[in-house]
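Observations on the model geometry
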Amino acid sequence: MAADYYSILGIAKGAPADEIKKAYRKKAMEHHPDRNPGDKEAEEKFKLASRAYEVLSDPTKRQQYDAVGHNVYEQGGSAGPSPGAGGGFRGSAPRDIFNQMFGGGGGGGFGDIFGGGGEGASDNSGEDLRVDVRVTLEEAAEGVEKKIPYRKHVPCGKCAGSGAEAGAKRSRCPTCHGQGQVIRSQGFFQMRQTCPACGGEGERIDKPCKGCSGEGRVIADTTVSVRIPPGVDTGTRLRSGSNGSAGRRGADAGNLYVIISVQEHELFDRDGDDLMASIPVKFTVAALGGTIAVPKLKGKTVLKIPAGTQGGTTFRLRGEGMPNLRGNGAGDLLVRVDIDVPKKLTDEQRDALKTYQQACGDEAAPVAESWKQKFKKFFP
């Protein structure tokens, strides 16, 4: 039994149209006669793949094919087409199907498979540029306007961006014959490229501007003012439209992309929209409770420390973090309490702590009893 069209393309019966096209492309590229000169088996596989694609890519033909099955359809059953002479290939020729699908040129070559625009397409638009800008955490929180110096192509002042001297004439480019593109052949590949002679314009200038060599643009130092919104983070990309390089001969300018880098802060760490800070609290305050002043990026607030607060405890101050870049409120400020143990004591302080130690029995039991009970199997 002959393989059906789905098997020929290596796809399931219910495959969508884009999967059918992708499968055919793979098979056609693999077995194309131009890639396998003199290989009759490859040529036959190419024909079968093209035939399968011709049927399965057409909704009406595919419906008929699915209804009657492969053998009946190929024999010209009631729902299928009439067979070709000798049971040969019906409909369009295999190379025609390939070229129609992939935009190939005459002669059955691979055509413009690997990119390149349509006829007359131009690459004269200016290049997109990138600049890196460092801001402080405070600037990232408040937003800031930065003047950014950089170099780019700007319209030529001598020819006003036209690329031509006064009185110059334009004529059809002899290299691309006015198409703006040329076809380059590399073996069996044919690829469209922007015409190197006219830069994709399809025209030649008999008297190019001497100030820009016909480009219509020159490189210059410039400065742009960019508003950096509140909430940016390292890696945030801002787009400044049309502030990239000017295009050739009056074509559209590219864009400028500003990449943000936020400097590390001496007090705060950042995690998304949240800020984190560690504050050393006197052990007496942690034991007895009290209040401490907590700094923020702008101003300060008061935090109540409950009696018996343990080292490593984190308090969350809602809405005191970084503003959200998309305007969805603000993150939180997370304050971690570290216990500050004094390294030096006066005699009076030492005596007071000795009295406390004796009252608690800490000298005989220096490790917390709760911890020992939790891990009692280690203390036989």
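The rules behind each value
Residues numbered from 1 in each chain as written. Predicted model: local features only at pLDDT ≥ 70, side-chain atom pairs only at ≥ 80, totals over all residues. Heavy atoms only, no water. pLDDT = per-residue confidence, 0-100. Contact = heavy atoms within 4.5 Å. Pairing = 2+ DSSP bridges. Helix = DSSP H or I, 4+ residues; strand = E, 2+ residues; numbered from the N terminus. Axes fitted to C-alpha atoms, helices over the stretch in contact; angles between N-to-C directions. Salt bridge = Lys/Arg side-chain N within 4 Å of Asp/Glu carboxyl O. Buried < 20%, exposed > 50% of the residue type's maximum accessible area, 1.4 Å probe, protein only. Expected span 1.5 Å × (residues − 1).

1. Remarks on the confidence of the model for the chain
Chain-level statistics for the chain give a pLDDT mean of 84 and a share of 85% at 70 or above. Scored below 50 in pLDDT, residues 78–91 shows 27 contacts in the model against residues more than four places distant or in partner chains.

2. Examining the sheet that holds strand β15 (residues 333–340)
Pairing within the open sheet is mixed, and its four strands lie in the order β10-β11-β15-β14. At either margin of the open sheet sits one strand with a lone partner, and together these are β10 (269–271) and β14 (314–317). Strand-to-strand twist of the sheet, defined as the mean angle between neighbouring strand axes without regard to direction, takes the value 30°.

3. A look at the pattern of salt bridges
Tallied over the entire structure, the rule returns 20 salt bridges. Note that R51 and E54 form a salt bridge whose closest N and O atoms lie 3.0 Å from each other. Of the two residues, R51 and E54 are both situated in helix α3 (residues 40–56); the distance of three residues between them amounts to about one turn of the helix. Judged by relative accessible area, which is 6%, R51 ranks as buried. Put simply, R151 and D221 hold a salt bridge, and the shortest N to O gap is 2.9 Å. Taken together, the residues span a long stretch of sequence, with R151 in strand β2 (residues 144–155) and D221 in strand β7 (residues 217–228) at a distance of 70 residues. Accessibility expressed as a relative area gives 59% for D221, which makes it exposed.

4. Quick look at the environment of L303
Inspection of the secondary structure assignment puts L303 in strand β13 (residues 300–305). For L303, a relative accessible area of 6% gives the class buried. Taking C-alpha positions, L303 is 9.1 Å from V335, a pair spaced 32 residues apart along the chain. Ignoring anything within four residues of it in the chain, the contact list for L303 reads G290, T291, I292, V294, F315, L317 and V335.

5. Points about helix α2 (residues 17–31)
The end-to-end C-alpha distance of α2 is 21 Å, a good match for the 21 Å that 15 residues give at a rise of 1.5 Å each. Of the residues making up α2, those classed as buried are I20, A23, Y24, A28, M29 and H31.

6. What to know about the environment of K304
Note on placement: K304 falls in strand β13. K304 gets classed as exposed once you look at its relative accessible area, which sits at 63%. As for K304 and A293, which are separated by eleven residues in sequence, their C-alpha atoms are 9.0 Å apart. Ignoring anything within four residues of it in the chain, the contact list for K304 reads G290, T291 and F315.

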